[in-house]
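Residue-level listing of the chains:
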Amino acid sequence: MSFSRRNALKLTAAAVAAPAVLRATDALASSGSVKVLAWQDYIQPNIAEKFEADTGIKLELTTFGSNDEAISTVQASGGKGFDVVFPSITNAAGYLDAHGDSLFAAVPAAVNSSAIIPSFLRDSATLGGVHAGEQILLPFDWGTEGVTLNRAKLNIADADISFGDLFLQPQAKGKASFRQKSSLIGAGLYLDAIGDLPSNRMLDVYKSEADAERVFDGIVKWMLAHKENFGAFWNNATEATAAFKEAGCVIGQTWDTTGLLLNRDNADFVYRAPKEGIITWLDSFGMLKGAPNKDQAVAFMNFMLKPEVGGMFANNTGYNSAVAGAAEFTTNEYRKQFNEVYTPAVLGNMWWWQADTPFYAPTVNKYVEILTNA
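Small disclaimer: the values here were computed from a predicted structure and weren't measured.

K.L.:
Go over the pattern of salt bridges with me, naming the residues and quoting the values.
P.N.:
A side chain with one charge may pair with a side chain of the opposite charge, provided their charged atoms come close. Evaluation of the coordinates by the stated rule reveals 15 salt bridges. Among the salt bridges present, the one from Glu308 reaches Lys50, with a minimum N-O distance of 3.6 Å. One end of the pair, Glu308, is in helix H12 (residues 307–317); the other, Lys50, is in helix H3 (residues 45–55), with 258 residues separating them in the sequence. A relative accessible area of 21% means that Lys50 is categorised as partly exposed.

K.L.:
Quick rundown of the packing of H3 against H12? Include the residues and the values.
P.N.:
Where H3 meets H12, the axes come as close as 9 Å, and the angle between the chain directions of the two elements is 160°. Here H3 lies roughly antiparallel to H12, going by the angle between them. Contact residues: Asn46, Ile47 and Lys50 in H3; Glu308, Val309, Met312, Phe313 and Asn316 in H12. Along the lines of polarity and charge, the residues of the contact of H3 with H12 split into four nonpolar, two polar and two charged.

K.L.:
Could you give an account of the environment of Ile136, naming the residues involved and the relevant values?
P.N.:
Tracing the chain through its elements places Ile136 in the loop between strand S5 (134–135) and strand S6 (138–150). For the pair Ile136 and Ser88, spaced 48 residues apart in sequence, the C-alpha separation works out to 13 Å. Setting aside anything within four residues of it in sequence, one finds Ile136 in contact with Ser102, Phe104, Ala105, Ala106, Val107, Gly128, Gly129, Val130, His131, Phe285 and Gly286.

K.L.:
Give a detailed account of the layout of surface pockets, specifying residues and quantitative values.
P.N.:
As a volume, the largest pocket reaches approximately 1,100 Å³. The wall of the largest pocket is formed by 37 residues, among which Asn67, Thr90, Asn91, Lys181 and Asp356 lie closest to the centre. When contributions to the lining of the largest pocket are tallied by element, the ones reaching two or more residues are helix H4 (67–76), helix H7 (180–193), strand S11 (278–287) and helix H15 (360–372). Split by residue class, the lining of the largest pocket holds 19 nonpolar, twelve polar and six charged.

K.L.:
Which residues make up helix H9 (residues 237–245), and what are the values?
P.N.:
The set of residues buried in H9 consists of Ala240, Ala242, Ala243 and Phe244. For H9, the elements touching its buried residues are S6, strand S7 (176–178), strand S8 (230–233), strand S9 (251–255), helix H10 (256–265) and strand S10 (269–272). By the N-cap criterion, in which a side-chain oxygen at the helix start approaches the backbone nitrogen of a residue two or three places on, H9 is capped by Asn236, the distance to Thr238 being 3.2 Å.

K.L.:
An account of the packing of aromatic side chains is needed here, citing residue identities and associated values.
P.N.:
Overall, the coordinates contain 35 aromatic pairs when judged by the stated rule. Ring geometry for Phe216 against Tyr360: centres 6.0 Å apart, planes inclined by 65°, an arrangement best described as edge-to-face. Note that Phe216 is positioned in helix H8 (residues 209–225) and Tyr360 in helix H15, a separation of 144 residues in sequence. Among the residues examined, Tyr360 registers a relative accessible area of 7% and is labelled buried. Through pairs of rings, three or more aromatic residues link up here, namely Trp39, Tyr42, Phe51, Phe64, Phe86, Phe140, Trp281, Phe285, Phe300, Phe303, Phe313 and Tyr319.

K.L.:
An account of unusual backbone geometry is requested, with residue identities and associated values reported.
P.N.:
Phi angles above zero are rare outside glycine, and Asn200 is one such case at about 55°. Positive phi, normally seen in glycine, also occurs at Arg201, with a value near 55°. The topology assignment puts Arg201 in the loop between H7 and H8.

K.L.:
Give me the environment of Thr331: which residues, what numbers.
P.N.:
Tracing the chain through its elements places Thr331 in the loop between strand S12 (320–321) and helix H13 (332–341). Sequence separation of Thr331 and Ala314 is 17 residues, and the distance between their C-alpha atoms is 9.2 Å. At 3.1 Å, the side chain of Thr331 and the backbone nitrogen of Tyr334 are in polar contact.

K.L.:
Break down the packing of H8 against H15 for me, with residues and values.
P.N.:
Working note: a packed helix pair is described by the angle between its axes plus the distance between those axes. Between H8 and H15, the least distance of the axes is 10 Å, while the angle of their chain directions is 15°. As judged from the angle between their axes, H8 and H15 are roughly parallel. Handedness of the crossing formed by H8 with H15: right-handed. Across from Glu209, Ala212, Glu213, Phe216, Asp217, Val220, Met223 and Leu224 in H8, the residues of H15 making contact are Tyr360, Thr363, Val364, Lys366, Tyr367, Ile370 and Leu371. Among the residues making up the contact of H8 with H15, the classes are represented as ten nonpolar, one polar and four charged.

K.L.:
Could you give me a rundown of the side chain of Ser102, with the residues and numbers involved?
P.N.:
Mapped onto the fold, Ser102 is located in the loop between strand S3 (84–85) and helix H5 (118–129). On the basis of relative accessibility, which here comes to 2%, the residue Ser102 falls in the buried class. Among the polar contacts made by the side chain of Ser102, one reaches the main-chain amide nitrogen of Phe104 at a distance of 3.0 Å. Apart from residues no more than four positions distant in its own chain, Ser102 is found in contact with Tyr95, Leu96, His131, Ile136 and Lys289.

How each quantity is defined
- Residues numbered from 1 in each chain as written.
- Predicted model: local features only at pLDDT ≥ 70, side-chain atom pairs only at ≥ 80, totals over all residues.
- Heavy atoms only, no water.
- Salt bridge = Lys/Arg side-chain N within 4 Å of Asp/Glu carboxyl O.
- Helix = DSSP H or I, 4+ residues; strand = E, 2+ residues; numbered from the N terminus.
- Buried < 20%, exposed > 50% of the residue type's maximum accessible area, 1.4 Å probe, protein only.
- Axes fitted to C-alpha atoms, helices over the stretch in contact; angles between N-to-C directions.
- Parallel < 35°, antiparallel > 145°, perpendicular 65-115°, else oblique.
- Contact = heavy atoms within 4.5 Å.
- Nonpolar A, V, L, I, M, F, W, Y, C, P; charged D, E, K, R; others polar.
- 1 Å grid on protein atoms, 1.4 Å probe; cavity = no way out; pocket = protein on both sides within 12 Å on 5 of 7 lines; lining within 4 Å.
- Points joined across faces, edges and corners; volume = space filled by probe spheres on them.
- Polar contact = N/O pair within 3.5 Å; in protein donor to acceptor, adjacent residues only side chain to side chain.
- Phe/Tyr/Trp six-rings, centres within 6.5 Å; stacked < 30°, edge-to-face > 60°.
- Left-handed = near helix turned anticlockwise from the far one by under 90°.

This is how it looks when you write it as structure tokens:
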């Protein structure tokens, strides 16, 4: 996962200043409980305590550590054991019943969807947020994968930073780090941008197995032709940080959390968006059709969509809230880093992870193995 920031937060001043509106469902939900299934670090004690104090509703929280675990938990209960669930939006297809219907309900009209950054709500439709013409999942938080570099060792201007730098910069010989499966996307975006390997900005790899094979085969051949720059592979946050602190890497394709935390310790490290577009993931939340506490679920969702709570969430986790205005409630350090990285141009040039197709993961895994064994 990733770190936190802001965007069209200027357009949110009015929303932040607007008076709170008490909905009828919120009033009805001022007692009882709500059953929530969320990622392990999402609903921390300060948020849980504030929710219960503000609403009088008891929060019954169950956590999960992976999308597969969440899907298995919900499917095992037939979609009836929880009120609100927090899936990655691209995993929405995992929550279908035997008839192909979503286990998630259409987002109730009483949920304040207008609190979400408009472009995120718009883009969510094609990522899994809409099923059978109805919005079932709302954007909740997001993070990115871009380029971290040590400017004391490799000084590239922000406007010039490219995924291609990992493989082409002579100063990065033996000193570039990346996670194999996502470096395929970064390198592919570079090759598409320069016209060497057209891929419709890497969307072709989701189109068909033959297209995925064509594109990934070309990417891996190009990467292996520049393998002298390979410094370290990583698969988790600890390994990503160690690539710079212990293995001496000067550039890497990393999660935002990695680069931003390195920057806090040493200003020579910066995390930036490559000019091909920053790779972005989106997590979401929604109410199950079988929710036993629907009014309380609406109250919980509206609570989580408050800018103040979005700011608390960002400060707690380092992930970006999708709530407009949330960054105004974050720490000064957080806002400073957010504004340095997520300029309007960057936020207008995001590359969203797409929903997996049946052939995508097996194809990627094949090419990851080739890279790993190189």
